[in-house]
Amino acid sequence: MTDNIYMPYLMKVERITWEAPGVKTFMLRFLNEEDQDKFNFKAGQFGEYSVYGVGESTFCIASSPTRKGYIECTFRQTGKVTNALAGCEEGSVLGFRGPYGNIFPIDEWKGKNLLFIAGGIALPPMRCVIWNALDLRENFKDITIIYGARSTKDLVYKHELKDWELRKDVKLITTVDPGGESPDWKGEIGFVPTIVEKIAPSSVNTIAIVCGPPVMIKYTFPVLAKLGFSDGNIFTTLENRMKCGFGKCGRCNVGKVYVCKDGPVFTLKQLKELPDEY
Amino acid sequence: MNSDRRLIRKDSLEKLFKALKQNNKTIIGPALQNGKISYKISNNYSEITSDYIQTTQSSKEIAFPRTEKILAYSKNAEGMSVKGIDIKDIPEIVLWGVRPCDAIGIGELSAIFNWDYKDEIFNNRLSKVTVLGFSCSKADEYCFCTSVGGNPGNTEGSDILFTQLGENGDYLAEILTEKGSLIVSMAEALFERAGKVEKEKFLVDVPVRFNHEDVRNKLTTFFESGEWVQQSLKCLGCGACAYVCPTCACFDIQDEAHGKSGSRVRCWDSCGFSLFTLHTSGHNPREVQSQRWRQRIMHKFSYMPDRLSVFGCTGCGRCSRACPADMNILEHLISIQEATV
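In short, a report on the structure. (Residues numbered from 1 in each chain as written. Chains lettered and ligands numbered in written order. Predicted model: local features only at pLDDT ≥ 70, side-chain atom pairs only at ≥ 80, totals over all residues. Heavy atoms only, no water.)

## With respect to the overall build of chain A
Right, on to step 1. Looking only at helices and strands, chain A has 8 helices and 15 strands in total.
Right, on to step 2. For chain A, the C-alpha radius of gyration of 18 Å lies close to 19 Å, the compact-globule estimate for 278 residues.
Right, on to step 3. Expressed as lengths along the three principal axes of its C-alpha atoms, the size of chain A is roughly 50 × 45 × 35 Å.
Right, on to step 4. Taken over 278 residues, chain A has a buried fraction of 61%.
Right, on to step 5. Restricting to contacts in chain A with at least 6 residues of sequence separation, those with at least 24 account for 68%.
Right, on to step 6. Of the charged side chains in chain A, 35 are positive and 33 negative, and the gap between their average positions amounts to 2 Å. (Helix = DSSP H or I, 4+ residues; strand = E, 2+ residues; numbered from the N terminus. Rg over C-alpha atoms; globule rule 2.2 N^0.38 Å. Buried < 20%, exposed > 50% of the residue type's maximum accessible area, 1.4 Å probe, protein only. Contact = heavy atoms within 4.5 Å. Lys, Arg positive; Asp, Glu negative; His and termini not counted. Charge placed at Lys NZ, Arg CZ, Asp CG, Glu CD.)

## Focus: the packing of helix H5 (residues 212–219) of chain B against helix H10 (residues 329–338) of chain B
For any two helices packed against each other, one specifies the inter-axial angle together with the distance between the axes.
Residue and element names in this part refer to chain B.
Right, on to step 1. In the contact formed by H5 and H10, the axes pass within 9 Å of each other and the chain directions differ by 65°. Here H5 runs over H10; the crossing is left-handed. Together, Asp214, Val215, Lys218 and Leu219 of H5 and Leu333, Ile336, Gln337 and Glu338 of H10 make up the contact between the two elements.
Right, on to step 2. Its residues assigned to classes, the contact of H5 with H10 shows 4 nonpolar, 1 polar and 3 charged. (Axes fitted to C-alpha atoms, helices over the stretch in contact; angles between N-to-C directions. Left-handed = near helix turned anticlockwise from the far one by under 90°. Nonpolar A, V, L, I, M, F, W, Y, C, P; charged D, E, K, R; others polar.)

## A closer look at the packing of aromatic side chains
Right, on to step 1. Overall, the coordinates contain 37 aromatic pairs over all chains when judged by the stated rule.
Right, on to step 2. Consider the rings of Phe30 of chain A and Phe39 of chain A, whose centres lie 4.9 Å apart with planes at 50°: the pair is tilted. In this pair, the class of Phe30 of chain A matches that of Phe39 of chain A, namely buried.
Right, on to step 3. Among the aromatic side chains, those forming a connected cluster through ring pairs are Tyr6, Phe46, Tyr100 and Phe246 of chain A together with Phe64, Phe113, Tyr117, Phe122, Tyr243, Phe251, Trp268 and Phe273 of chain B.
Right, on to step 4. When the ring centre of Phe251 of chain B is taken as reference, the NZ or CZ atom of Arg266 of chain B above it lies at 5.2 Å. (Phe/Tyr/Trp six-rings, centres within 6.5 Å; stacked < 30°, edge-to-face > 60°. Lys NZ or Arg CZ within 6 Å of the ring centre and 35° of its normal.)

## Observations concerning the interface of chain B and chain A
Right, on to step 1. Between chain B and chain A, the contact holds 47 residues from the first and 43 residues from the second.
Right, on to step 2. Of the roughly 3,700 Å² buried where chain B meets chain A, counting both sides, 55% is carbon and sulfur surface.
Right, on to step 3. Contact with chain A buries area across many residues of chain B, yet Tyr117, Arg264 and Arg307 of chain B alone supply 16% of it, more than any other trio.
Right, on to step 4. At the surface where chain B touches chain A, the tally comes to 7 salt bridges.
Right, on to step 5. Between Asp269 of chain B and Arg251 of chain A there is a salt bridge; the shortest N-O distance is 3.2 Å.
Right, on to step 6. Scanning the region where chain B abuts chain A turns up 30 residue pairs in polar contact (both at pLDDT 80 or more).
Right, on to step 7. Counting residues per element, the ones that place at least two in the side of chain B that touches chain A are strand S4 (67–76), strand S5 (79–84), helix H2 (100–114), helix H3 (120–127), strand S11 (251–258), strand S12 (261–268) and helix H8 (289–308) of chain B. (Buried area = accessible area lost by both parts, 1.4 Å probe. Salt bridge = Lys/Arg side-chain N within 4 Å of Asp/Glu carboxyl O. Polar contact = N/O pair within 3.5 Å; in protein donor to acceptor, adjacent residues only side chain to side chain.)

Quick look at the structure:
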């Protein structure tokens, strides 16, 4: 079985969490304990999740590698496979191949401040590394999370946002786009780049991790530059369409760089060396 | 292993064919079918033709089928069972009549399927194939193997390479691998000692039209060139070029369900299709045909040599023969080499 690189692990949907309209998180456990024992991954990696008979879909592993025994994924219902996933129930059996791709170099971030900036459905790829850092809290200095969504209902991981808000060792700033606030909203109102500019986190000894829709990323990078962040200290992920996940199916490359093999994690410095094709 | 050079009489090829059949080999060779030369399972030597420049389809399908089951699943009362494909089901194949540009293409495909993750489905299929190459004594205006490092008598990728020594002549057989020797052992008497033979003088002359290393160097600074738009104005995005190409390996993965069971299949795909890179969000990194054409050329002449140390083109010319809009890759590569950036 191990010889067939297309063969997924069988996973049982242990728990389904409703996150936001059209967005769910699945906690998945390996049906075979041996698979579980030899499975290892690191923050930033992704996998191919499949509903048998419908197909495979690519998303990151949204849980932290420090939490053993299961993996989680969070997805928005948009295409054929994510719609089928959304129709699964607790107890359903899915396929999972992975982990694939490179990692956030969290070991190199020891002793530094971490600034997480996420927008909308892009918190999941970052949640993995956020929890990874929080579970190894003593390794890092200040941890700041700036998270924005279109509206209050579109914020994902609402319970965890509350946890992070209550923690004294995390600074959490949430924001919603103007008009997206509810009457009892106490967070910021404004687009993510604007809020980053307003909060003006220090770039000294700080790593910035930015994940979000292209337009958010586009306007956040210049703000970070103005704050003094160097391109090598800004990390993001690329999410190109993939089929295989391991550099063969031919569609995720940007120039000669394969997002599935050389990414999905890139520094802004690396992105600037790529041709404009992502 | 050094090649062992033997002579086989023209009339003995049929005897070799029969000997292979007696050894339970499935023989796939070029046959005339509906006006096209196609690789077909051949039960009789008479079905095989030697009158062809090039088969319409390349031989890549032997190791990388157009549509291939990669696993089968079934849902039952106990849960889900999933099975991979079984190598025992794959027959031992002798691929007869492969042109050197197809034989070399197998190595280029293999580079894609074996860098980093090893694709054992591909490797298992390939391990069951013996390649009997036949050198070229004819070429057409689309052939350009010599421009990409090949030649009409290139041995690379063949287990035995046969070269006919003149029209209606006997054949030089270069036995190149263990698999080739095994074939010889099935009909040892047919393979006579060869005297001194200069095979080159029996090969067709394919003029060198461009230098692939020069093209590769040019491409390092060519990404933003307006040339891509010019070259691809005719392109319909039909993907025919990729389907006939001996080295195009891009694929899709799809599920086929039949009630409670079904299979997951890997199918040929093409970077020329507009859906190939389309994101679920609607964003498409290669939105227009010129970007997709650029990807095709860059992948073969820049990315593959950089990442895999092989070029993704064998000069077989099939893409140009197949193109319904008459795009000619040879002309485009020449104009890239000659372009002043």
